Amino acid sequence: MTARNDSLKAENILAFKPKTIKFEFENHSELFRLGETFYQDITSGVNSFGFSSIGYEMSQKRTVVGLACYFKTKGLKNIAIIADDLGVGLYPELIKHSHPEQISCSIKQYQIDVKRIHGHSDLIHLAPLLQTKEIETIKELKGLLSCYDLVLWDIPPWHKIQTSPEVYMNMIHHIQSLSLVVTPSLSSQEEVKRVHQFFSDYGVNLKGFILDSYKKKKKDLDLEKSA
Amino acid sequence: MKKLSIFFHDQTILNLPFLFRLMTRYYIISTSLVLLVISYTTYRFLVQKTFYSAEMIINLHSNETVSPLATMPLPFGGSSSKTLDDEIIMIPQSRSYRKAVAQRLIKLEDFNSIDLRTSENDDYQDLKGQCKENQQCLSTLVIDRLPNFLKIESTAKSPTGYYFVISTFDQQATKILADIGSQVLLARRREMLVKHSQEQIRVNQEVLSGHQEELREKNFNQMTEDLRQLKSELASIQSRFPQTFSLFQQKRLEFESITQLHTTVQEQESLKLDMQHIGEKDRLTKLQNSIEKLKGDINSLELSFRTPELMDSIIIKDLRKDLSNKLAEFNSMKSGGVVVGSSNQNIPSHRNTQLEYNVISEQFLRISAEYDQILNSAKETAYKISVLENAIQKLEPVNQLIKQMEKRILELTVSASTIVSDIGFADTEATYRSFKRITLIKYVLFTIFSTVFLTLLAVTLRYLLDRKIYDVYELENNFSNLPIIGTAPSFKNVA
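Owing to the predicted nature of the structure, the values given are computational and were not obtained by experimental measurement.

S.K.: Just to check I follow, could you spell out the pairing of strand β3 (residues 79–83) of chain A for this structure?
M.R.: All names here are of chain A. Taking burial as the measure, the 5 residues of β3 include 5 buried ones, the bulk of the element. Where β3 meets strand β7 (residues 150–154), 5 bridges bridge the pair, whose relative direction is parallel. For Ile79, the partnering residue across the bridge sits in β7 and is Leu150. Sheet analysis places β3 next to strand β6 (residues 122–125), joined by 4 bridges and oriented parallel. In the strand pairing of β6, Ile81 is matched with Leu123.

S.K.: Even after reading the chapter, I still don't get the packing of aromatic side chains, so can you show me in this structure?
M.R.: The relation between two aromatic rings is expressed through the spacing of the ring centres and the mutual angle of the planes. Residue and element names in this part refer to chain B. Using the criterion set out here, one finds 20 aromatic pairs over all chains in the structure. Relative to Phe425, the ring of Phe164 has its centre 5.8 Å away and its plane inclined at 55°; by these criteria the two rings are tilted. Taken together, the residues span a long stretch of sequence, with Phe164 in strand β5 (residues 162–168) and Phe425 in strand β6 (residues 423–425) at a distance of 261 residues. The burial state of Phe164 is the same as that of Phe425; both residues are buried. When the ring of Phe248 is compared with that of Tyr371, the centres are 4.3 Å apart and the planes differ by 5°; the resulting orientation is stacked. Highlighted residues: Phe248 in helix α10 (residues 220–270) and Tyr371 in helix α13 (residues 350–417), separated in sequence by 123 residues. The pair Phe248 / Tyr371 is uniform in exposure class, with both members buried.

S.K.: Looking at this model, I keep getting lost on the pattern of salt bridges. Mind explaining?
M.R.: Any two side chains of opposite charge can pair, so long as their charged atoms come close to each other. Scanning all chains against the criterion turns up 27 salt bridges over all chains. The residue Glu389 of chain B makes a salt bridge to Lys231 of chain B at a minimum N-O spacing of 3.3 Å. Linking Glu389 of chain B in helix α13 with Lys231 of chain B in helix α10, this pair joins segments that are 158 residues apart in sequence. According to the relative accessible area criterion, Lys231 of chain B is partly exposed, its value standing at 40%. One salt bridge connects Arg462 of chain B with Asp466 of chain B, and the closest N-O pair in it is separated by 3.8 Å. Salt bridges here are not isolated pairs; linked through shared partners, they connect Glu57, Lys61 and Asp154 of chain A.

Rules of the game
Residues numbered from 1 in each chain as written. Chains lettered and ligands numbered in written order. Predicted model: local features only at pLDDT ≥ 70, side-chain atom pairs only at ≥ 80, totals over all residues. Heavy atoms only, no water. Buried < 20%, exposed > 50% of the residue type's maximum accessible area, 1.4 Å probe, protein only. Helix = DSSP H or I, 4+ residues; strand = E, 2+ residues; numbered from the N terminus. Pairing = 2+ DSSP bridges. Phe/Tyr/Trp six-rings, centres within 6.5 Å; stacked < 30°, edge-to-face > 60°. Salt bridge = Lys/Arg side-chain N within 4 Å of Asp/Glu carboxyl O.

Printed below as a string of structure tokens:
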């Protein structure tokens, strides 16, 4: 009964309208099942999740936004989505419905520019966080993001990280659990192995694989166009 | 290795669900291959030429083969039926048969319209054109092709076990070949049998002449003739023997009587003489006893052999010789004045007795000599006969073999002149039919198997070369240490 009530509640909330934005999911049950595994981690103290994809980058952006919607239904108020590029995928559509704000969580009173979507989450651009002189250590980054209950990292393509790992060091250290989004027929086994090996070498806890469908690519393109 | 191991399964050996999944995954390859194979096989089936065949039942006129060649394995424990099979089945393959058929074919008016191609790509017409009506060339061309059209099959379907099968690409050619081929087949079979018989006769004659030469070298005929003469001679001797023997007996008895009488007379005469030789009396007595004993033996022998045979006569002859020696000794001692026994008062005069003794003694000696000559002659002839018979007996097996072979040659010669073919064709019409070399069902089966095989091969290779991940199954198989959490969310609409 509890699961059913949660499901009904989620459906109502998933169709929420932060101002005028409306999300309609094709696979509610899959989202709930996926979200539940992450929520169990959250209850055990994990609050920084990273998402990387092999083969099809849009899939990880959909996963991040979808999970953010789910965690809202779970009552998490402050959710941060940190992405490398806010100009692709669903982000432009979300940004349309957001307003810019500056927040400051750390002692140094360093302010971060965020795009706050009403009643949903804050979109944060990754580059300023990693390249600012004020945030040099992982401790400072943690402090900066301490005002968020949950941080979802939309990790840049891994070859980008591999090229200059020192730039992304703080991000890697901040991620407590990493999930790899694999798109059948686009992701190659070797690449999955390399990504897996890369993050394992840095001691990142790999949570598991999230499967995406190749068929959704066209829909994503349509969504981008409409955005 | 992980990629390969996924193809195998503990229970089913091959991981069939995965293979099927691969076929659906690489559906373009699978579909293309299926279409390709089906198209190819359909095309091959449609373009293959139709065969026109005729089948004629061959009858064996006798269960027992008359073929000389077929009977050859019998003495060695072999089976004649197998040889007969080979003989009949191989007829269409023989060059002489093909040559005969080819020559009759070439003489036909329709020869140019007959299609004798052995395959769809055969350049028969070009080769025929190159021959330019050269009979030798055309004959060679046809001879080389005939084995493809004509054959005899040993099959249980036929009541007699044989079918004469003709198959060509041309209906007309099939009919003509059935007609000519069957006629030549019967003629060829008869020729074969005649040839085999003649060959057997020739071989028998060669062997026979060898044995005859052997006998000739050993003068077998002369030996036989000598034996015959010797036997005749012995028979003549034997025919003369009883008469001589009875005469000899008669003279001997006379001689013995006169000898006894003469002895008695001489004893009478010797009483007057001094008994100076009394010491020899005992010796004379012993000699006389010995003579009496010999006489008794001879008499008893002669009485026991009513029909005196040759060997018995020889024994008697020896005894008699001994007797005459002892008598001579006895007489010489007595002539010296020794008297044995008591005196006889009724003794004839000495002169008469002496005369009679001399006459009978002479007669006896003459008949005895004649008797001895007959016995010696018989003995010698019997010995010669024995020697010749031994020699002839050694050569007798060869002589018997020669007689048997002469008989066999005579039989073969008679049979060779009256040989007919031991096979014939049934009165029923030849069965004509048309068919494709590879039937539809074979093509369908081939298509199914080749499609499955090629598709599986292609998708397997494609999979092994493919570096992409396609489904949960593969992901779990290749990254078993990481769980699959779920599925990425998908948006219907964002507005």
